[in-house]
Amino acid sequence: MGFEFLKIAFTFGFVLTVPVASFLADRDQSLIVSNTLTPAAKESEKEQKPFENAPSVPQIYQLHVKSMIRNRFTHTTVTSRVRNFAEKAQEAVFSIVLPKSGFISGFIMEIGGKNYTGYVKEKEEAKRDYDQAVTIGLGAAHVAASARDSNRFTVSVNIEAEAKAAFYLTYEELLKRQDGHYEQVINIHPGQPVKDLSVEVLISESRKIVSLRALPFRSGNEIGTYEPALDPRADIIVFNDTTAIVAFSPNLERQKQLAHFLGTKEENGIAGQCVVQYDVERDPSGGEVLVQDGYFVHFFAPTDLKPLPKQVVFVLDTSGSMWGEKIEQLKQAMLNILDQLNEHDTLNLVEFNSNTKVWNIHDQGQSVWYPHKNTFYYYNQGSDNQQPVVTLENATFPRAYPANADNIKKAKGAITALKSEGSTAMFGALQVALRLVELERTQPSEREPIKRQPIVIFLTDGQPTDLTTDEIITKITEFNSEAKKSAIFALSFGDGADKEFLKKLAIRNSGFSRHIYEAADASLQLQNFYRQISSPLLSNVTFKYESTTTNLTETNFPIHFGGSEIVVAGFCGTGMPFSTVESIGIDGPISLKPVVTTTVSNMERLWAYMSINQLLKKKDASDADREALKKRALDLALKYNFVTPVSSLVVVKPNCTSAVDTEEAKGGAGLTFSGLPAGSGDLFLHSQVFQLLLCLLLLYMH
């Protein structure tokens, strides 16, 4: 049973609500139980309760999270036990928020002492099976990703009258290294204090674990400072250099205290995030390759490298929709980001609304507009006041500015002068950004003949008003070549931005996208994003393996950033995957060789997980072959029992599935963290016994 220390939001448990009256402000809060009885039926039910003062809605009496991280790959099991006191069936919705790369891999529903296991199907077929079961009154559950938010998975459960039910849900994920560590964020929103609430995380790595800590609880909605009162008081047990356990088990009183300090009602229990961080010691050169049963995974995060000098082109939306708090938050973030530039970096400052402006920070009045001076929002080409057209070729744009103290001060002055007005001409702004990259490459400064890594940071809060999104993606991808070639990192700011468009634009142009939520911490979100890409260490990173190595995941990466990690997986058969990593560093070409070792971890499953993720990413970015890519991803998801954006998990009682022991359903190979054979009722392994047995087995396997 694995656990994940990536930056992820994971919501689980039950939020118990009275029908109609209660709507949660946070739609990502865990299990929402809605009473399906009519008002008349509820009045009748009050008179016929099985015992006095019995709750009128289902109640959680146990919530366990038990996880294992083995070589950054996690397998987590969430166990929820609930009782329905009503005399009619009630449907509950168990909503889990996972990272985009996390896949649910198992679901068991226990009703009446029997277990019903889930099976993976293509999404639409799975939903039909569930609807049929609910129609005829059978207990059923269905797990599917929301079409609008693939991070949220939902289990709809029809709990029968006066019955207990238990739900065992597992998910798997490869932890993503950011800012020099792995981080797991577990959102706990049970909606009530839970008598038996626990989180247990076992970490087993091939290399020495470093910087392991349990961070103070946080609300999860905003980035903020850590409060000592929110210390989770977790037990951290280090068994040796490579094995440790983090355990968190607050009693009812402590849950109420945490709820109070998190700003929620004590009677609603904890509504926040439990966070664990750690890292591992690094191979200083070519990384580490782990091999098991013919499959391998290559982890690459070299140390002791100096960052590459970079040219950062900031392309900022200042259209009318950015008016108010958003433009002020952008300014605040940029003032801090400018201070993080290194002395050998350069910067360009570009804003866009109806037209595009390249700032001259030495003389703001000499800034250059493209293609027209921005004297009014809407330009009438038949007007006598027609402005002269500026083309990319004849425009004399200000050159990139060295990031010295004087220029940083002047750039901050330009930032404070930003105003929001006009429409959102994105295509022209992106063209200008790439033209600025081209100028630095083709017309280098005689005083500073330094080759810099170009990075375009594009932020917008709206929809394009000059071309369609498809036209922009196609034209910019074609334009972004040769001397103009640069990675584009896209930021969608607020609900009005087209996240899918920006995601596709970034992927097609060697970058990635992030969403910035409209909240009080938007400035901090922007700063955190910049920190992730602020230190490029290598460019044109290529992993080369022997010809006998097949089924490789992505092997070419335009930039490797400090604090992150590149991971490649593949099949090597009976041989060893000897490889070379070639790239360009600050002093020129670099060739590195990794350390190759065997492991007992399931490398095949990790390979399948990575392959599905990359196929889905290619599908999202592609105009052609989308169905073929989807089919390949679906075939792997069905083979390895992963719930993905193209597949779903179904449990139907009584005829569509067979009863399965809880232990058997917890992941096949590897250790079992939760549950006993069917009929074991509420019996559970004691926490300390669980920890001891687990660690003894792991020490033996090492």
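Computed from a predicted model, the values in this text were never measured in an experiment.

Q: Looking at this structure, I do not really get the overall build of the protein. What am I missing?
A: Looking only at helices and strands, one finds 12 helices and 35 strands in the protein. Split into buried and exposed, the 702 residues of the protein put 56% on the buried side. Considering only contacts within the protein whose residues lie at least 6 apart along the sequence, 76% involve residues at least 24 apart. Per element, the accessible surface of the protein, about 29800 Å² overall, is 50% carbon and sulfur.

Q: Would you mind going over the sheet that holds strand 34 (residues 595-598) with me for this structure?
A: Two pairing modes exist for strands in a sheet, parallel and antiparallel, and in both the strands are linked by backbone hydrogen bonds. In spatial order, the strands read 31-20-19-34; together these four strands make up an open sheet with mixed pairing. The open sheet has two edge strands with one neighbour each: strand 31 (566-571) and strand 34. Direction aside, neighbouring strands of the sheet carry axes that sit 20° apart on average. The sheet contact formed by strand 19 (residues 288-292) and strand 20 (residues 295-300) spans five bridges and is antiparallel.

Q: Would you explain the nonpolar core in this entry?
A: Buried together is how nonpolar side chains tend to be arranged in soluble globular proteins. Formed by 37 residues in total, the largest nonpolar core has its most connected members in F314, L316, L338, L347 and I457. Listing elements by their share of this core, those giving two or more residues are strand 21 (310-317), helix 4 (325-338), strand 22 (346-352), helix 5 (405-416), strand 26 (453-460), strand 27 (487-493), helix 9 (522-533) and strand 30 (556-561). No other element matches the six residues that helix 4 contributes to this core. Apart from residues no more than four positions distant in its own chain, L347 is found in contact with V312, F314, L338, L341, A400, Y401, A403, I408 and A411.

Q: Just to check I follow, could you spell out unusual backbone geometry for this structure?
A: Generally, phi is negative for residues other than glycine and the peptide bonds are trans, each holding for most cases. The peptide bond linking Y370 to P371 adopts the cis configuration, its omega dihedral lying at -10°. Locating P371 in the fold gives a position in the loop between strand 24 (368-370) and strand 25 (401-402). Phi is positive for R233, close to 55°, though the residue is something other than glycine. You can see R233 is positioned in the loop between strand 15 (209-218) and strand 16 (235-240). Of note, N641 is a non-glycine position whose phi angle comes to about 60°, a positive value. Position of N641 among the secondary structure elements: in the loop between helix 11 (626-640) and strand 35 (647-652).

Q: I'm lost on the packing of aromatic side chains in this one. Help?
A: How two aromatic rings sit relative to each other is set out by the distance from centre to centre and by the angle between their planes. Scanning the entire structure with this criterion turns up 17 aromatic pairs. Between F352 and F458 the ring centres are 5.4 Å apart and the planes differ by 10°, which places this aromatic pair in the stacked class. Taken together, the residues F352 in strand 22 and F458 in strand 26 connect sequence positions 106 residues apart. Accessibility assignment for this pair places F352 and F458 in one class, buried. Between F543 and F557, the aromatic rings sit 5.8 Å apart at their centres with planes inclined by 80°, giving edge-to-face as the arrangement. One end of the pair, F543, is in strand 29 (residues 536-545); the other, F557, is in strand 30, and 14 residues separate them in sequence. A relative accessible area of 4% places F543 in the buried class.

Q: Just to check I follow, could you spell out the pairing of strand 26 for this structure?
A: Put simply, side chains in a regular strand alternate between the two faces of the sheet. Among the eight residues that make up strand 26, eight are buried, leaving the element largely enclosed by the rest of the structure. Burial along strand 26 is two-sided: Q453, I455, I457 and L459 and P454, V456, F458 and T460, pointing in opposite directions, are all buried. Across seven bridges, strand 21 lies against strand 26 in parallel orientation. In the strand pairing of strand 26, V312 is matched with I455. In this sheet, strand 27 lies alongside strand 26 in parallel orientation, the contact comprising six bridges. Pairing of V456 across the sheet is with I488, part of strand 27. The handedness of the strand 26 to strand 27 crossover, carried by helix 7 (residues 469-479), is right-handed.

Q: Where do I start with the environment of Q453 in this structure?
A: Note that Q453 resides in strand 26. Given a relative accessible area of 15%, Q453 falls into the buried group. Along the primary structure Q453 and I559 are separated by 106 residues, whereas in three dimensions their C-alpha atoms are 8.8 Å apart.

Q: Any chance you could explain the pattern of salt bridges here in plain terms?
A: Once their charged atoms are close, side chains differing in charge can pair, the charge on each being opposite to the other. A full pass over the atoms with the stated rule returns 23 salt bridges. Residues K504 and D623 are paired through a salt bridge, measuring 2.7 Å at the closest nitrogen-oxygen approach. Linking K504 in helix 8 (residues 499-508) with D623 in the loop between helix 10 (603-621) and helix 11, this pair joins segments that are 119 residues apart in sequence. By relative accessible area, which is 12% here, K504 ends up buried.

Q: I keep staring at the environment of H560 and nothing clicks. Help me out?
A: Tracing the backbone shows H560 in strand 30. In this structure H560 touches F300, A301, P302, S535, P536, L537, L538, V541, E565 and I566, once residues within four positions along its chain are discounted.

Q: Would you explain the side chain of H298 in this entry?
A: Counting through the fold element by element, H298 comes out in strand 20. What makes H298 buried here is its relative accessible area of 0%. Only 2.9 Å separates the side chain of H298 from the side chain of Y545, close enough to count as a polar contact.

Q: Explain the confidence of the model for the protein to me, please; I cannot follow it from the model alone.
A: The predicted coordinates ought not to be read in detail in places where the model reports low pLDDT. Confidence in the prediction of the protein, expressed as mean pLDDT, is 80, and 76% of residues score 70 or more. Within the protein, the lowest mean pLDDT, 29, falls on strand 3 (residues 31-34), and the highest, 98, falls on strand 21. Every residue in residues 376-381 is under pLDDT 50, and counting partners more than four places away or in other chains gives seven contacts.

Q: Any chance you could explain the packing of helix 8 against helix 10 here in plain terms?
A: Packed helices, taken two at a time, are described by their axes: the angle between them and the distance between them. Direction vectors running N to C along helix 8 and helix 10 enclose 105°, while the axes themselves pass 9 Å from each other. Considering their axes alone, helix 8 and helix 10 lie roughly perpendicular with respect to each other. When helix 8 is examined against helix 10, the residues K503, K504, I507 and R508 are found in contact with a partner set consisting of K617, D620 and A621. Of the residues assigned to the contact of helix 8 with helix 10, the class counts are two nonpolar, no polar and five charged.

Q: Hey, could you run me through the pairing of strand 12 (residues 164-174) in this one?
A: In terms of burial, strand 12 is largely enclosed, as 10 of its 11 residues are buried. As paired elements, strand 5 (residues 73-83) and strand 12 share 11 bridges and run antiparallel to each other. Bridge pairing links T77 to T170 in strand 12.

Cut-offs and rules
Residues numbered from 1 in each chain as written. Predicted model: local features only at pLDDT ≥ 70, side-chain atom pairs only at ≥ 80, totals over all residues. Heavy atoms only, no water. Helix = DSSP H or I, 4+ residues; strand = E, 2+ residues; numbered from the N terminus. Buried < 20%, exposed > 50% of the residue type's maximum accessible area, 1.4 Å probe, protein only. Contact = heavy atoms within 4.5 Å. Areas by Shrake-Rupley, 256 points an atom, 1.4 Å probe, with all protein chains shown as cover. Pairing = 2+ DSSP bridges. Axes fitted to C-alpha atoms, helices over the stretch in contact; angles between N-to-C directions. Core = buried A, V, L, I, M, F, W, Y, C linked by side-chain atoms within 4.5 Å. Phe/Tyr/Trp six-rings, centres within 6.5 Å; stacked < 30°, edge-to-face > 60°. Right-handed = clockwise from strand over helix to strand, strands pointing away. Salt bridge = Lys/Arg side-chain N within 4 Å of Asp/Glu carboxyl O. Polar contact = N/O pair within 3.5 Å; in protein donor to acceptor, adjacent residues only side chain to side chain. pLDDT = per-residue confidence, 0-100. Parallel < 35°, antiparallel > 145°, perpendicular 65-115°, else oblique. Nonpolar A, V, L, I, M, F, W, Y, C, P; charged D, E, K, R; others polar.

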